[in-house]
Amino acid sequence: MKNVLVSLFERTVLNRPLIVGLLVVLLAASCVYQAQDFRLDASADSLVLEHDEDLAFYREVRAQYGSDDFLVVTYTPEADLFTRPVLSELGELQAALKTVEGVTEVTSILNVPLIDSPRVTLSEIQRGVRTLADPDTDPALAREEFLTSPLYSDLLLSDDARTTAILVTLDRDERYHELLERRNELREKRRNGGLEAAEAERLARVATVFDDYKGQQQAEQAELIATVRGILERHRDGARIHLGGVPMIAVDMIDFVRSDIQVFGAGVGILLILLLAVIFRRVRWVLVPAAICGTVALTMFGFLGAMGWHVTVVSSNFISLVLILTLSLIVHLVVRQLELHAERPDADQRTLVRETVRSKFAPSLFTVLTTMASFASLVVSDIRPVIDFGYMMVWGVAIAFLLVFLMYPAALVPLKPGRPVLGDRDLTAGITLGFARAIERHRGATWLIYGVVVVLAAIGIGRLGVENRFIDYFKESTEIYQGMLLIDRKLGGTTPLDVVLDPPAWYFEEQEEYGGAEGGGISANSYWFNSFALEELEPIHEYLDSLPETGKVLSIVTTMDMLTHINGGRPLDNFTLAVMYDRLPAEIKETLFEPYMAEDGNQVRFSIRVIDSAENLRRDELLAKIRHDLVERFDLEPEQVHLSGMLVLYNNVLQSLFRSQVLTLGVVFAAIMAMLLVLFRSPLVAVVGVIPTLVAAGSVLGLMGWLGIPLDIMTITIAAITIGIGVDDTIHYTHRFREEVARDGDHWAAVRRAHGSVGRALYYTTVTITLGFSILVLSNFVPTIYFGLLTGAAMVLALVANLTLLPLLLAQCRAFRGLVRTD
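Residues numbered from 1 in each chain as written. Predicted model: local features only at pLDDT ≥ 70, side-chain atom pairs only at ≥ 80, totals over all residues. Heavy atoms only, no water.

Where do I start with the layout of surface pockets in this structure?
Empty space among the atoms becomes visible once a probe the size of a water molecule is rolled across them. In this structure, the second largest pocket encloses a volume near 1600 Å³. Together, 49 residues line the second largest pocket, and Tyr 65, Leu 167, Thr 169, Glu 590 and Pro 595 are the ones closest to its centre. Elements represented by at least two residues in the lining of the second largest pocket include exactly α3 (53-65), β2 (70-77), β3 (103-107), β4 (164-170), β7 (495-501), β8 (550-554), α21 (586-592) and β9 (604-610). Tallying contributions element by element places β4 first for the lining of the second largest pocket, with 5 residues. Class assignment for the residues of the lining of the second largest pocket results in 26 nonpolar, 10 polar and 13 charged. (1 Å grid on protein atoms, 1.4 Å probe; cavity = no way out; pocket = protein on both sides within 12 Å on 5 of 7 lines; lining within 4 Å. Points joined across faces, edges and corners; volume = space filled by probe spheres on them. Helix = DSSP H or I, 4+ residues; strand = E, 2+ residues; numbered from the N terminus. Nonpolar A, V, L, I, M, F, W, Y, C, P; charged D, E, K, R; others polar.)

Put into structure tokens, the structure is as follows:
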């Protein structure tokens with residue numbers, strides 16, 4: 001079988017390099033065309049759990065009480081905010097924002113209803129609401145009202161009256177939500193019971209239409225944000241202005257992803273070219289690898305465009321990873337060819353290339369398969385962007401392998417061999433042979449060192465956590481960080497949390513039994529809209545407001561406080577409540593009722609802002625405490641209580657990280673051990689082979705625990721990637737070690753010879769990979785920076801383990817002793 005493959009390779013590649021080159025050119029041209037469909041995605045939906053039930057409820061809540069499609073502008077003037085010149089400037093800013101296409105409403109201290117500036121009666125409210133923009137409004141009284149109002153304080157005005165917020169509500173894109181709902185319904189049906197052929201075709205069409213529309217919407221939203229920023233820039237004289245909100249974060253994160261792809265691609269490309277020039281010192285060993293890497297990168301862009309896979313913040317480093325892995329394959333080929341040339345200086349180029357490919361094809365194939373397995377393990381995660389990243393890299397590694405073993409021989413066969421450039425005594429050989437001598441002379445010390453490392457790693461892993469602040473994902477210099485910090489400190493918190501309460505089960509049974517009214521809005525049959533039920537909500541509101549993690553809390557209780565104030569401070573009985581509700585203008589109801597009570601009065605919502613920048617924030621503990629206390633302290637049934645909001649969705653992602661980490665590691669270890677068993681046909685070697693990378697991956701996870709770096713959507717991939725790439729070195733080393741043992745049966749002599757030959761290739765590839773990952777520190781996304789630094793460190797640890805622990809295990813266990821030649 002092997003001879004057939006070699007013969008086929010010679011006929012199709014070595015004998016026809018021009019045809020291979022032409023096919024590669026055609027592939028590149030096709031990929032250039034397909035790359036126009038390459039898409040980026042940083043929407044909130046791209047950072048949630050796959051099949052998260054809380055996501056469906058979150059969308060229901062948003063449809064009922066209003067969406068998160070709004071921007072927050074914070075405005076801090078140098079002068080007193082409530083002076084007429086400043087208010088006039090604020091009015092101009094508000095008017096300019098209102099003219100932006102896609103903006104539905106702009107809310108600020110200038111146009112919200114006031115009841116105490118001076119005091120107004122219900123009759124006066126019926127005739128028209130008073131606002132700060134009205135000429136007869138007293139600014140001093142308005143300032144006091146904004147500071148003391150249960151509705152406006154810490155929401156529209158900071159407690160020092162220096163910073164105000166402008167809420168920019170965006171149009172709800174009904175077409176987007178319609179397509180999203182249709183796609184999700186079909187996906188859910190496919191997951192639960194399968195789809196018929198016609199439904200599967202409809203899902204494919206809907207998904208394509210949705211992706212196209214989503215791309216168009218992202219472009220429009222980016223243009224809207226750019227327009228808003230242009231307006232804000234014209235009003236910065238005399239004021240500090242920050243922009244925040246989910247749409248702005250999504251747009252900025254897409255810019256981060258785009259910038260990361262450009263910077264990583266260019267940075268890694270330049271770095272790799274410099275490394276090749278320094279290591280091999282010949283033009284061909286720079287140009288040929290650079291051409292192969294460039295073709296692989298271009299093919300990946302075209303492939304992702306053709307498949308319709310979107311790149312997110314998690315997968316933004318895919319281009320650097322693909323380039324690094326491609327060059328790793330090439331370096332092993334180059335080093336092997338240079339070794340062969342040094343051994344046989346008179347050999348022709350065709351022979352050198354053929355023997356190079358013949359000797360490195362099998363270990364390269366298995367290293368590629370193990371790397372693909374490591375990335376494939378990510379698809380068992382519950383996190384959508386991590387799953388997509390896994391699929392992308394599986395295909396990326398496969399494409400890299402195919403193009404390397406096509407382009408490398410096709411590009412080199414027409415060239416002359418030149419002079420040998422690899423000697424037996426160079427700095428790299430000295431370093432690798434130094435490891436061999438050290439472990440041979442100090443075997444006991446080596447075991448002791450690794451024993452200590454394993455213990456420290458285990459302790460560090462025990463200290464690993466998943467709680468991290470979303471604000472810490474961004475550098476302090478970014479507008480996202482600055483805006484979130486200001487809103488957290490001055491305007492009641494950033495991360496939304498909704499507590500939604502339903503009536504108890506008996507209420508619905510009673511309504512069904514006695515034929516209660518269906519629909520029709522708030523009525524006497526509404527469970528929550530009566531003085532008794534509303535009184536029950538007051539201590540719940542106070543409890544939620546008293547939690548140290550919460551900032552601003554708004555609910556129907558806030559509304560009742562406002563109405564009681566209008567009623568002269570007198571409590572509202574059912575009759576007064578009904579009369580006041582009927583007489584309130586529609587715009588007042590829209591402000592005071594619709595965000596906090598369902599249309600039928602049978603559901604209420606507490607709108608909470610959680611302070612994301614709080615050092616002691618523990619989301620899962622907070623949510624569990626709220627659920628427990630609402631049931632135990634306020635006699636609610638568990639079925640009545642529902643928690644929703646971005647805090648819940650984000651917490652679900654964080655809490656899934658441990659499970660995802662265990663699953664991915666389990667899958668990758670099982671796959672790699674199986675491949676090592678197939679490759680070396682030895683259960684002993686299969687077990688020994690995974691130990692060095694296990695130690696390297698565990699050491700990095702332990703280091704994260706000791707340094708207090710939590711797992712996140714990026715760092716969760718480090719262990720699997722470390723094992724997948726690190727075991728490549730294991731395979732190359734073990735493959736060469738087996739050949740050396742077969743020569744004379746001397747295991748320690750085999751260690752020395754393997755270190756002096758393939759050890760150099762491991763050294764070069766590790767240096768290349770580590771420096772390549774270091775480019776990720778240029779990202780604006782902090783988890784990507786951690787990912788680059790920690791994965792680079794893991795690669796160094798994997799190299800050290802493969803040059804020390806692996807040969808020690810192989811020699812001590814007398815691996816491959818049955819292969820020793822006796823002739």
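How should I be thinking about the sheet that holds strand β5 (residues 239-244) in this particular structure?
Spatially, the 4 strands line up as an open sheet ordered β3-β4-β2-β5, and their pairing is antiparallel. The sheet terminates laterally at β3 and β5, the two strands that pair on one side only. Each adjacent strand pair in this sheet contributes to an overall mean axis angle of 20 degrees, direction not counted. Direction of pairing for β3 relative to β4: antiparallel, over a ladder of 4 bridges. Residue pairing across strands places Val 103 opposite Leu 170, the latter belonging to β4. Across the sheet, helix α8 (residues 197-233) is in contact with β2, β4 and β5; its angle to β5 comes to roughly 170 degrees. Each of β2 and β5 touches helix α16 (residues 479-490); the most contacted strand, β5, lies at about 105 degrees to it. (Pairing = 2+ DSSP bridges. Axes fitted to C-alpha atoms, helices over the stretch in contact; angles between N-to-C directions. Contact = heavy atoms within 4.5 Å.)

Just to check I follow, could you spell out the sheet that holds β7 for this structure?
The strands that make up a sheet are held in pairs by hydrogen bonds between backbone atoms, and each pair lies either parallel or antiparallel. Spatially, 4 strands are ordered β8-β9-β7-β10 in an open sheet, and the strand pairing comes out antiparallel. In the strand order of this sheet, the two ends are held by β8 and β10 (641-644), each with one partner. Strand after strand, the sheet turns through a mean of 20 degrees between neighbouring axes, direction not considered. Judged from the 4 bridges that link them, β7 and β10 form a sheet pairing that is antiparallel. The partner of Leu 501 across the bridge, within β10, is Val 641. Packed on one face of the sheet, helix α18 (residues 531-546) meets β7, β8 and β9 and runs near 155 degrees to β8.

What is the right way to read the side chain of Thr 351 from this model?
Within the secondary structure layout, Thr 351 lies in helix α12 (residues 349-376). For Thr 351, the side chain forms a polar contact with the side chain of Asp 348, separated by 2.8 Å. (Polar contact = N/O pair within 3.5 Å; in protein donor to acceptor, adjacent residues only side chain to side chain.)

I would appreciate a short explanation of the packing of helix α11 (residues 318-343) against helix α25 (residues 718-744) in the present structure.
Geometrically, a packed helix pair is captured by the angle between its two axes and the distance between the axes. The contact between α11 and α25 brings their axes to 12 Å, and the two run at 20 degrees. Accordingly, the angle class assigned to the pair α11 and α25 is roughly parallel. Pair α11 / α25 crosses with right-handed handedness. Taken together, the residues of α25 that come into contact with α11 (itself represented by Leu 325, His 332, Arg 336 and Glu 339) are Ile 725, Asp 729, His 732 and Arg 736. (Parallel < 35°, antiparallel > 145°, perpendicular 65-115°, else oblique. Left-handed = near helix turned anticlockwise from the far one by under 90°.)

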